[in-house]
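Below, each chain spelled out in residue letters.
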Amino acid sequence: HEDAEASTETTLRLYEHRYVAVLASLEEGGARRVVDLGCGEGKFLAQMLADRRYDSILGVDVSPRSLMRAEKRLRLDSMPESQKARLSLIQGSALYRDERLSGYDAIVLMEVIEHVEPGRLAALEDSVFASARPATVVVTTPNRDYNAMWPSLPAGDSRHADHRFEWTRDEFAAWANRVASEAMQVLGGAGY
């Protein structure tokens, strides 16, 4: 599905703006150990590997096929040992608690939540915010308000067939504020 979404965004190169914004958020949070949860074929992993500030990078995806493509894209088989030591790829899901995600400074969910059934978002919130509990969580998701930029996209349609929903800015802000508020209550006001 990444290829279909990338072809839609080719002229606008939204993914490049997204990468820059996410990297800036990670830098602002002082993250050195980062999980890319829903890493797909490893495009963003490559961006983080190019930056020496990241000591430990964990790429997680539910799809073994995507992880194999990430290995090829990143040339894991010929990567220098010093760089390979900073990267791990594992199969996992954003919907289940996983101890392997604990202890990281940040978790990135870049263009992931819109692929989750709305009724399963609570499981994602639990696995990331209640279980893994990083100091920083960066979430990006398509903005339904922006869909008008694609004249070929019929009104009411999503940018990608696998999107279970696409929020407006206000809907995303309401979700993010609620999740952050609940996480802060659990942590006694510290973090997020």
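Residues numbered from 1 in each chain as written. Predicted model: local features only at pLDDT ≥ 70, side-chain atom pairs only at ≥ 80, totals over all residues. Heavy atoms only, no water.

Remarks on the pairing of strand 2 (residues 56-61)
The buried fraction of strand 2 is high, at six of six residues. With burial as the criterion, each face of strand 2 is covered, one bearing Ser 56, Leu 58 and Val 60 and the other bearing Ile 57, Gly 59 and Asp 61. The pairing of strand 1 (residues 33-37) with strand 2 spans five bridges and is parallel. Looking at the pairing, Asp 36 lines up with Gly 59 of strand 2. Taken together, strand 1, helix 3 (residues 43-49) and strand 2 constitute a β-α-β crossover, and its handedness is right-handed. In this sheet, strand 3 (residues 87-91) lies alongside strand 2 in parallel orientation, the contact comprising five bridges. Looking across to strand 3, one finds that Leu 58 is bridged to Ser 88. (Buried < 20%, exposed > 50% of the residue type's maximum accessible area, 1.4 Å probe, protein only. Helix = DSSP H or I, 4+ residues; strand = E, 2+ residues; numbered from the N terminus. Pairing = 2+ DSSP bridges. Right-handed = clockwise from strand over helix to strand, strands pointing away.)

Some remarks on the packing of aromatic side chains
Geometry of an aromatic ring pair is reported as the spacing of the ring centres plus the angle between the planes. All told, the structure shown has two aromatic pairs when counted by the stated rule. On the numbers, 5.4 Å between centres and 50° between planes, the contact of Tyr 19 with Phe 44 is tilted. On the criterion of sequence distance, the pair formed by Tyr 19 in helix 2 (residues 14-28) and Phe 44 in helix 3 is long-range, its members being 25 residues apart. Classification of Phe 44 as buried rests on a relative accessible area of 3%. One cation-aromatic arrangement involves Arg 33 over Tyr 104; the distance from NZ or CZ to the ring centre is 4.5 Å. (Phe/Tyr/Trp six-rings, centres within 6.5 Å; stacked < 30°, edge-to-face > 60°. Lys NZ or Arg CZ within 6 Å of the ring centre and 35° of its normal.)

Details of the sheet that holds strand 1
In spatial order, the strands read 3-2-1-4-5; together these five strands make up an open sheet with parallel pairing. Edge positions in the open sheet fall to strand 3 and strand 5 (136-140), since each of these has one partner strand only. Strand-to-strand, the axes of this sheet are offset by a mean angle of 15°, without reference to chain direction. Pairing geometry for strand 4 (residues 106-110) and strand 5, over five bridges, is parallel. Looking at the pairing, Ala 106 lines up with Thr 136 of strand 5. With respect to the sheet, helix 2 is in contact with strand 1, strand 4 and strand 5, its orientation differing from that of strand 4 by roughly 165°. On top of the sheet, helix 6 (residues 121-132) reaches strand 1, strand 4 and strand 5; it is set at about 165° to strand 4, its chief contact. (Axes fitted to C-alpha atoms, helices over the stretch in contact; angles between N-to-C directions. Contact = heavy atoms within 4.5 Å.)

Some words on the environment of Cys 39
Mapped onto the elements of the fold, Cys 39 is located in the loop between strand 1 and helix 3. Judged by its relative accessible area of 6%, Cys 39 falls in the buried class. In this structure, the C-alpha to C-alpha distance between Cys 39 and Ser 63, residues 24 residues apart in sequence, is 9.6 Å.

Some remarks on helix 2
For helix 2, built from 15 residues, the straight-helix expectation of 21 Å at 1.5 Å per residue is met to within 8% by its first-to-last C-alpha distance of 21 Å. Where helix 2 is concerned, the buried positions are Leu 14, Arg 18, Tyr 19, Val 22, Leu 23 and Leu 26. Buried residues of helix 2 fall within an arc of 165° about the axis and therefore sit on the same side. Among the exposed residues of helix 2, those pointing more than 90 degrees away from its buried face are His 17, Val 20 and Glu 28. (Expected span 1.5 Å × (residues − 1). Arc of directions from axis to C-beta.)

Here's the deal with the nonpolar core
If you look at the biggest cluster of nonpolar residues, it comprises 25 residues, and the most contacted ones within it are Val 35, Leu 37 and Leu 109. For this core, the elements supplying multiple residues, two or more each, are strand 1, strand 2, strand 4, helix 6, strand 5 and helix 7 (169-186). Here this core gets five residues from one element, more than from any other, and that element is helix 6. Here Val 35 is in contact with Leu 58, Val 60, Leu 101, Tyr 104, Ala 106, Ile 107 and Val 108, once residues within four sequence places are set aside. Grouped together as the second largest cluster of nonpolar side chains are 22 residues, Leu 26, Phe 44, Leu 76 and Met 110 included. (Core = buried A, V, L, I, M, F, W, Y, C linked by side-chain atoms within 4.5 Å.)

Functional significance is not addressed by these values, which are geometric in nature.
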